[in-house]
Amino acid sequence: DSDDMTEVINYTKSISAEPNPEYFGAAKEMNVIYIHLESFQNFLMNYKLNGEEVTPFLNSLIKDPNTLYFDNFFHETAQGKTSDAEFMLENSLFGLPQGSAFITKGQNTYQSAPAILKKDGYTSAVFHGNNGTFWNRNEIYKSFGYEHFFDANYYDTTSKEDMAEYGLLDKPFFEQSLEYVKTLPQPFYAKFITVGNHYPYKMNQNLTTIDKADTGDASVDDYFQTARYADEAIEQFIGELQNSGLYDNSMLVFYGDHYGISENHNKAMEQIIGKEITPYESTNLQRVPLIIHVPEMQGGVNHTYGGQIDLLPTLLHLLGIDSQDYVQFGTDILSKEYNDIVPFRNGDYVSPTIYSIDEKFYDATTGLPLVDDNQIQKANEYKKRVENRLHLSDKVVNGDLLRFYTPAGFTKVNPSQYNYNKDVT
Ligand code: GP9
Ligand code: MN
């Protein structure tokens with residue numbers, strides 16, 4: 001009830017962090033272009049397969065002086081996979097421990113990014129070459145306040161060669177998206193969800209430009225080909241954004257949604273990374289890239305430990321928008337007050353000093369079990385904090401608590417106002 005809401009607001013206010021003046025407003029009034037990197041793990045970045053870079057474009061992008069690259073950024077998804085990642089980045093609320101909030105909580109009240117940005121004049125749109133019903137997107141996007149959803153109906157999907165298992169392949173997807181992007185009034189907040197690099201990573205060999213790996217485990221071996229394809233598709237799209245002039249007034253955010261190679265493939269992955277995959281190393285593999293490009297922003301490699309829950313407050317601050325009145329369970333990664341304990345959905349966590357995995361604590365740098373009593377005490381404190389954070393977020397989602405609180409200046413979303421059918425828009 002509303003008492004619970006008061007507890008939650010007190011909590012989220014207590015974890016909200018002052019913006020870093022060096023970055024606050026660095027992307028003020030710019031378009032936001034999110035690029036969802038399907039199943040993309042961070043080990044792919046700068047990885048060389050048989051001496052050849054797998055993702056040469058993204059590797060060059062992270063060296064751009066206006067790019068921030070976070071190399072200790074973790075996915076925090078559970079069974080909801082892609083939808084959990086989206087849920088976090090739109091709301092800074094955790095996905096649920098079981099199932100997908102996208103499916104079970106589609107009718108909740110949300111204060112999501114599209115609705116927050118609306119009062120600053122932003123149009124919002126999602127682009128995705130799969131059916132709109134997948135993950136219940138066509139319903140929950142309305143609750144998030146998305147004005148446009150360009151799903152498979154908006155794309156030409158008649159050529160078999162252009163299709164992946166979950167929709168239109170990334171190259172035709174981005175190509176065909178362009179005409180729609182250009183129609184959006186600026187500034188816009190847009191998200192492009194790719195599908196080419198999705199398990200089981202099978203691809204028409206005529207479209208590949210890198211050899212498979214040779215571990216003997218097909219999904220691991222093929223993963224490099226679909227990742228390379230995604231890299232090329234993104235390179236082409238960025239080129240088009242440059243040609244159209246959008247690149248110069250847009251903030252680009254790339255994030256990996258969740259792991260692509262599950263623990264079932266550890267044997268093959270050991271050959272790829274050249275290390276035994278212990279629970280500690282398996283946790284290290286849960287890193288996904290976070291890459292933010294903003295024209296004229298001071299870039300660099302940022303080693304802060306962060307997770308998907310932190311994306312929204314980080315983004316709002318880069319846009320020069322205050323986030324403290326919103327109920328958000330992450331904090332701005334760029335803030336000097338940022339608290340670098342990264343919760344996983346099951347109550348485990350990582351931090352620069354301690355990893356907590358499956359009721360065991362490890363030294364974050366050596367991977368050895370913690371033995372020092374003070375360290376263990378600290379680890380237990382962190383664990384309590386993580387559990388409390390998850391618990392309060394679940395309270396909000398399960399109790400639909402945002403019904404009871406509307407931040408100052410925020411206009412409540414009216415989902416029935418949106419219709420994503422092609423002929424209507
Ligand atoms: C499908 C896509 C895949 O539309 O987003 O979702 P996933 O299987 O990765 O959760
Ligand atoms: Mn996914």
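None of the values given here were measured: they were computed from a predicted structure.

Rules behind the numbers
- Residues numbered from 1 in each chain as written.
- Chains lettered and ligands numbered in written order.
- Predicted model: local features only at pLDDT ≥ 70, side-chain atom pairs only at ≥ 80, totals over all residues.
- Heavy atoms only, no water.
- Helix = DSSP H or I, 4+ residues; strand = E, 2+ residues; numbered from the N terminus.
- Buried < 20%, exposed > 50% of the residue type's maximum accessible area, 1.4 Å probe, protein only.
- Contact = heavy atoms within 4.5 Å.
- Donors = N, O, S within 2.8 Å, 3.2 Å for Na, K, Ca; no water.
- Tetrahedral: all angles 85-135°; square planar, octahedral: opposite > 155°, others 65-115°.
- Salt bridge = Lys/Arg side-chain N within 4 Å of Asp/Glu carboxyl O.

A. Looking closely at the side chain of H36. Relative to the helices and strands, H36 resides in strand β1 (residues 31–37). The exposure class assigned to H36 is buried, which follows from its relative accessible area of 0%. Leaving out residues up to four positions away in the same chain, H36 has contacts with T82, E86, F192, I193, T194, Y255 and D257.

B. Structural view of unusual backbone geometry. Each neighbour pair has its own omega, and for Q186 with P187 the value is 0°, a cis peptide bond. Position of P187 relative to the elements: it lies in the loop between α7 (170–183) and β10 (188–193). A cis geometry characterises the amide bond from Y199 onward to P200, with omega recorded as 5°. Inspection of the secondary structure puts P200 in the loop between β10 and α8 (218–244).

C. Region of interest: the coordination of the manganese ion (ligand 2). Around the manganese ion (ligand 2), the donor atoms from the protein are E38 (OE), E38 (OE), T82 (OG1), D257 (OD) and H258 (NE2), and they sit 2.0 to 2.5 Å away. Bound by six donor atoms, the manganese ion (ligand 2) shows angles of 55 to 168° at the metal and therefore irregular coordination geometry. We note that the donor set of the manganese ion (ligand 2) lies within a single chain, spaced as E-x43-T-x174-D-H. Residue E38 is located in the loop between β1 and β2 (48–49), and its partner T82 is located in helix α3 (residues 81–91); the two are separated by 44 residues in the primary sequence. Like T82, E38 is buried.

D. Geometry of the pattern of salt bridges. As enumerated under the stated definition, the model contains 17 salt bridges in all. For R228, the salt bridge identified is with E52, shortest N-O distance 3.0 Å. Of this pair, R228 sits in helix α8 while E52 sits in strand β3 (residues 52–53), and the two are 176 residues apart along the sequence. Relative accessible area serves as the criterion here: at 7%, R228 is assigned to the buried category.

Any functional reading would require information that these geometric values do not contain.
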